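Structure at a glance
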Amino acid sequence: MTDRDLMENMLMLEKGVCDLYLHGTIESSTQNVHQTFSSSLNDSLALQDQIYSKMEAKGWYQTDEAQQTKLNSLKQKFSAQA
């Protein structure tokens, strides 16, 4: 298993953890539980961002920039629906 494979696995696992914490936050029945999940979510989001940044720096995770015309089209579409 390569370093890239390990980082990809870490990123996917961390995204899954974020998803679980988000749902835990949403479904919390008390303020204390809500705050605990919310704090854990923020910590996990920060870790996910660090993993992503390291992968991006090594060229292992590349994103395409959105074209301005597509952005404008989506913006116009959703503005009309509001």
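Structure first, text after, so check above.
Here is a short report on the structure shown in this document. (Residues numbered from 1 in each chain as written. Predicted model: local features only at pLDDT ≥ 70, side-chain atom pairs only at ≥ 80, totals over all residues. Heavy atoms only, no water.)

A few words now on the overall build of the protein chain. Counting secondary structure elements, the protein chain contains three helices and zero strands. In the protein chain, the order of α-helices and β-strands from amino to carboxyl end is α-α-α. When each of the 82 residues of the protein chain is scored for burial, the buried share is 16%. Intrachain contacts of the protein chain at a sequence separation of at least 6 include 57% that bridge at least 24 residues. Counting only carbon and sulfur atoms, one obtains 53% of the accessible surface of the protein chain, whose full area is about 6,600 Å². (Helix = DSSP H or I, 4+ residues; strand = E, 2+ residues; numbered from the N terminus. Buried < 20%, exposed > 50% of the residue type's maximum accessible area, 1.4 Å probe, protein only. Contact = heavy atoms within 4.5 Å. Areas by Shrake-Rupley, 256 points an atom, 1.4 Å probe, with all protein chains shown as cover.)

Residues Met7, Leu11, Ile51, Tyr52 and Met55 constitute the largest nonpolar core, which totals five residues. Taken together, the elements giving at least two residues each to this core come down to helix 1 (3–27) and helix 2 (31–57). Here this core takes three residues from helix 2, the largest share from any one element. In contact with Ile51, not counting residues within four places along its chain, are Met7, Met10, Leu11 and Glu14. (Core = buried A, V, L, I, M, F, W, Y, C linked by side-chain atoms within 4.5 Å.)

Here we come to helix 3 (residues 68–81). Over its 14 residues, helix 3 extends 20 Å from the first C-alpha to the last, a length consistent with the 20 Å expected when each residue adds 1.5 Å. Helix 3 sits mainly on the outside: zero of its 14 residues count as buried. (Expected span 1.5 Å × (residues − 1).)

Moving on to the packing of helix 1 against helix 2. With their axes 8 Å apart at the nearest point, helix 1 and helix 2 run at an angle of 160° to one another. Between helix 1 and helix 2, the angle falls in the class roughly antiparallel. Crossing geometry of helix 1 relative to helix 2 is assigned as left-handed. (Axes fitted to C-alpha atoms, helices over the stretch in contact; angles between N-to-C directions. Parallel < 35°, antiparallel > 145°, perpendicular 65-115°, else oblique. Left-handed = near helix turned anticlockwise from the far one by under 90°.)

Tracing the chain through its elements places Ser44 in helix 2. If near-sequence neighbours (up to four positions away) are discounted, Ser44 is found in contact with Glu14, Val17, Cys18 and Tyr21.

Here we take up the environment of His34. You can see His34 is positioned in helix 2. Take His34: its relative accessible area is 30%, and that puts it in the partly exposed class. Sequence-wise, His34 and Gly24 are ten residues apart; in three dimensions their C-alpha atoms are separated by 7.4 Å. Those residues in contact with His34 that sit more than four places away from it in its chain are Thr25 and Ser28.

The next point concerns the side chain of Glu14. Structurally, the position occupied by Glu14 is in helix 1. Despite its burial, Glu14 pairs with no opposite charge; the closest candidate is Lys15, at 12 Å N-O. Excluding residues that lie within four positions of it along the chain, Glu14 makes contacts with Ser44, Leu47, Gln48 and Ile51. (Lys, Arg positive; Asp, Glu negative; His and termini not counted. Salt bridge = Lys/Arg side-chain N within 4 Å of Asp/Glu carboxyl O.)

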